[in-house]
Amino acid sequence: MADAKVIPFDDDRSRGGTQRPGRRRSGGRRGAAPEAAPAPVSALPGQQAVSQGPEGGREPQGAAEAVGPQQDGGRAEEARERPGGGWDRRVAGGLAFLRRRITGEYEVDEFGYDKELTDQVLMSLIRPFYEKYFRVEVKGVENIPAEGGALVVANHSGTLPLDGLMMQVAVHDHHPAGRHLRLLAADLVFMLPVVNELARKAGHTLACAEDAQALLERGEVVGVMPEGFKGIGKPFSERYKLQRFGRGGFVSTALRAGTPIVPCSIVGAEEIYPMIGNSKTLARLLGFPYFPITPTFPWLGPAGLVPLPTKWTIQFGEPIPTDGYPPEAAEDPMLMFNLTDQVREQIQHTLYKLLVQRRSVFF
């Protein structure tokens, strides 16, 4: 892998409780009715109302028969006293998960993606931010195909790339077919300790044409944000204005794989860290593409890293098919330019539409 040639994707190299068991029904009748009581007899708790038959016997009213606490052997009461089986299953599942992690009995693909760890741990860590903090609303997720490869192209913003993680949870939790989103990330992500390993485990890979095409041909849903650092590092005054989409590398990859392109528009991420300045000197010293200055960072220290609790909307648009083009279309610069512009315009139009519908940044 060390000798592999990396082809940049664009010019910026961016990339509840257990259900109680039912009672047993009994066919027996409880006692005899007094002869002088022709009126229906009210049922006791747990019994059904009965009436006097023509021969003085008692007949149940309705199709169901009476069921009393003694008739079901007290099993319903025992079920109420027994601890919830849901917790038992969770504990057993957790222990089994730990055993597989310790013994190494789990699968990781050639890109480092650990599906079990992602489903049971990583998504559980991100989901509270998705559901409670940013309160993400998802629209059109069914536009992602139920099977086969697809390339999801989204706008990028927010100073820190939290929008990619929220988009991953949106597909993971809401797609009818339970698809998983494999994000293409910038090479900087894979240079950071700890972050590198977590990104690989979550299914992220380097934003290069070879990796993207390999995943698409395997039938994976791949996510890319062509704006790269130009998108997340733009000043707050340019919020929701899409930056250049590179040289259309994502279109070429989709054409080669013959997979549809699904535009995705994300509203809410622009305001989590309003970037009012950029210290280029510190950025060069630290090796970062930019060093953001926000109303809270670096003035409040680590507390300034807490994002603002904005309300998010993620909308997946109608897919743009690419399987009708000939193989040589991937080398046609004019076609790539037109498709890139079509995807970009669709995302930008949806952003404006969502902004008009939004009543508040936070609610």
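Residues numbered from 1 in each chain as written. Predicted model: local features only at pLDDT ≥ 70, side-chain atom pairs only at ≥ 80, totals over all residues. Heavy atoms only, no water.

Per an unreviewed UniProt entry, the chain goes by Acyltransferase family protein and derives from Streptomyces melanogenes.

(A) Focus on the packing of aromatic side chains. A complete count under the given rule lists five aromatic pairs for this structure. Taken together, the ring pairs in this structure connect Phe129, Tyr133, Phe134 and Trp312 into an aromatic cluster. The cationic tip of arginine 90 hangs over the ring face of tryptophan 87; the distance from NZ or CZ to the ring centre is 4.8 Å. The ring of phenylalanine 190 is capped by arginine 200, whose NZ or CZ atom sits 4.4 Å from the centre of that ring. (Phe/Tyr/Trp six-rings, centres within 6.5 Å; stacked < 30°, edge-to-face > 60°. Lys NZ or Arg CZ within 6 Å of the ring centre and 35° of its normal.)

(B) Layout of the sheet that holds strand β3 (residues 137-139). The strand order across the open sheet formed by seven strands is β3-β11-β8-β4-β7-β5-β6, and the pairing between neighbours is mixed. The outermost strands of the open sheet, each flanked by one partner alone, are β3 and β6 (205-206). Examined bridge by bridge, strand β4 (residues 150-154) and strand β7 (residues 221-224) share four bridges and lie parallel to one another. By the bridge assignment, valine 153 is partnered in β7 with valine 224. Where helix α8 (residues 249-257) meets the sheet, it contacts β4, β7 and β8 (261-267), and its direction lies at approximately 165° from that of β4. (Pairing = 2+ DSSP bridges. Helix = DSSP H or I, 4+ residues; strand = E, 2+ residues; numbered from the N terminus. Contact = heavy atoms within 4.5 Å. Axes fitted to C-alpha atoms, helices over the stretch in contact; angles between N-to-C directions.)

(C) Region of interest: the pattern of salt bridges. Within the structure shown, the criterion is met by 16 salt bridges. For arginine 182, the salt bridge is made with aspartate 109, and the minimal N-O distance between the two is 3.1 Å. Taken together, the residues span a long stretch of sequence, with arginine 182 in strand β5 (residues 181-185) and aspartate 109 in the loop between α2 (85-103) and α3 (115-133) at a distance of 73 residues. One exposure class covers both arginine 182 and aspartate 109, and it is buried. A single network of salt bridges, built from pairs that share partners, joins Asp109, Glu110, Arg182, Arg218 and Glu220. (Salt bridge = Lys/Arg side-chain N within 4 Å of Asp/Glu carboxyl O. Buried < 20%, exposed > 50% of the residue type's maximum accessible area, 1.4 Å probe, protein only.)

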